[in-house]
Amino acid sequence: MTKKNGLRLYKNLDIREESNDEKIKLVYEEWAQNYDLDNNDVLGTVSQPNCVKLVSNELEDKNVEIVDVGCGTGLVGEHLRIFGFTNFDGVDISKKMIELAKARGYRKLLLGSLNESLPIDKDNYDVTFCVGVFTHGHVKSDRLSELIRITKPGGLICFTVNEGVFEEYGFKNTIARYDNEKKWEVLTLRRSKYMIKKQVEGYYCLARLR
């Protein structure tokens, strides 16, 4: 799978299709070996370190329980280690991505899709990351509820949204509605650099559950 083909498969996803989750799985199974290279050399993705820094600025305790939803090859995990965090698990839709993530310090790696119920108990983690998942053809804003389900009351949720789907997939309204309903308190919501080499920005959200 070349860089070009990996990105082409990604661009062909259609969130409206019933079988889209199977297509997402295929994309990442095929893309796994070149994913890190594409993120760095083709896309210039900066969301992983940016999100870990956001959370690190809110926390003094490096022993909190963390889950990385949509962990892929473990790029968030790599930065969690750099920032001194040790207790982090991951979940991803692709077995091949999970195999690559094993080298990046995760305690436990699970197979699962955010478009379904994750194989994680309710109120299980102090911090939930979901970086790069809310993007074209992947997951709509209604699944933010699953991130809330697996996070402890008072815990943190940090996620990104590609600028191209922020309004179309309902994230702008859902983020505000959850804040108004006191499901969480939005600590940060800003638009910033996301994929530098493609001149794509994304929204970074950090929220604390009530």
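Residues numbered from 1 in each chain as written. Predicted model: local features only at pLDDT ≥ 70, side-chain atom pairs only at ≥ 80, totals over all residues. Heavy atoms only, no water.

(A) Quick peek at the pairing of strand 7 (residues 200–209). Among the ten residues of strand 7, eight are classified as buried, and the element is accordingly described as predominantly covered. Relative to strand 7, strand 6 (residues 184–195) is paired through ten bridges, and the arrangement is antiparallel. Across the sheet, Arg190 pairs through a bridge with Tyr204, a residue of strand 7. (Buried < 20%, exposed > 50% of the residue type's maximum accessible area, 1.4 Å probe, protein only. Helix = DSSP H or I, 4+ residues; strand = E, 2+ residues; numbered from the N terminus. Pairing = 2+ DSSP bridges.)

(B) Local environment of the packing of helix 3 (residues 47–56) against helix 4 (residues 75–82). Contact geometry of helix 3 with helix 4 gives a least axis separation of 9 Å together with a crossing angle of 45 degrees. With respect to their mutual orientation, helix 3 and helix 4 come out oblique. Between helix 3 and helix 4 lies a crossing of right-handed hand. Seen from helix 3, the contacting residues are Gln48, Pro49 and Val52; seen from helix 4, they are Leu75, Val76, His79 and Leu80. (Axes fitted to C-alpha atoms, helices over the stretch in contact; angles between N-to-C directions. Parallel < 35°, antiparallel > 145°, perpendicular 65-115°, else oblique. Left-handed = near helix turned anticlockwise from the far one by under 90°. Contact = heavy atoms within 4.5 Å.)

(C) Spatial organisation of the confidence of the model for the protein. The predicted model of the protein has a mean per-residue pLDDT of 94, with 96% of residues at 70 or higher. Mean pLDDT across the secondary structure elements of the protein bottoms out at helix 1 (residues 3–11), with 61, and peaks at strand 1 (residues 66–69), with 99. (pLDDT = per-residue confidence, 0-100.)

(D) The arrangement of the state of the cysteines in detail. In total, this model carries zero disulfides according to the counting rule given. Cysteine Cys71 shares no disulfide, and the gap to the nearest cysteine sulfur, in Cys130, comes to 11 Å. Summary of cysteine pairing: Cys205 is not part of a disulfide, and the nearest cysteine sulfur, belonging to Cys158, is at 7.8 Å. (Disulfide = S-S within 2.5 Å.)

(E) Broad picture of the sheet that holds strand 3 (residues 109–111). Read across the open sheet, the seven strands follow the order 3-2-1-4-5-7-6; overall the sheet is mixed. Two strands in the sheet have a free side with no partner beyond their single neighbour: strand 3 and strand 6. Neighbour-to-neighbour, the strand axes of the sheet open up by a mean angle of 15 degrees, direction not taken into account. In this sheet, strand 5 (residues 151–162) lies alongside strand 4 (residues 125–134) in parallel orientation, the contact comprising six bridges. Among the inter-strand pairings, Thr128 is bridged to a residue of strand 5, identified as Ile157. With respect to the sheet, helix 7 (residues 171–180) is in contact with strand 4, strand 5, strand 6 and strand 7, its orientation differing from that of strand 6 by roughly 155 degrees.

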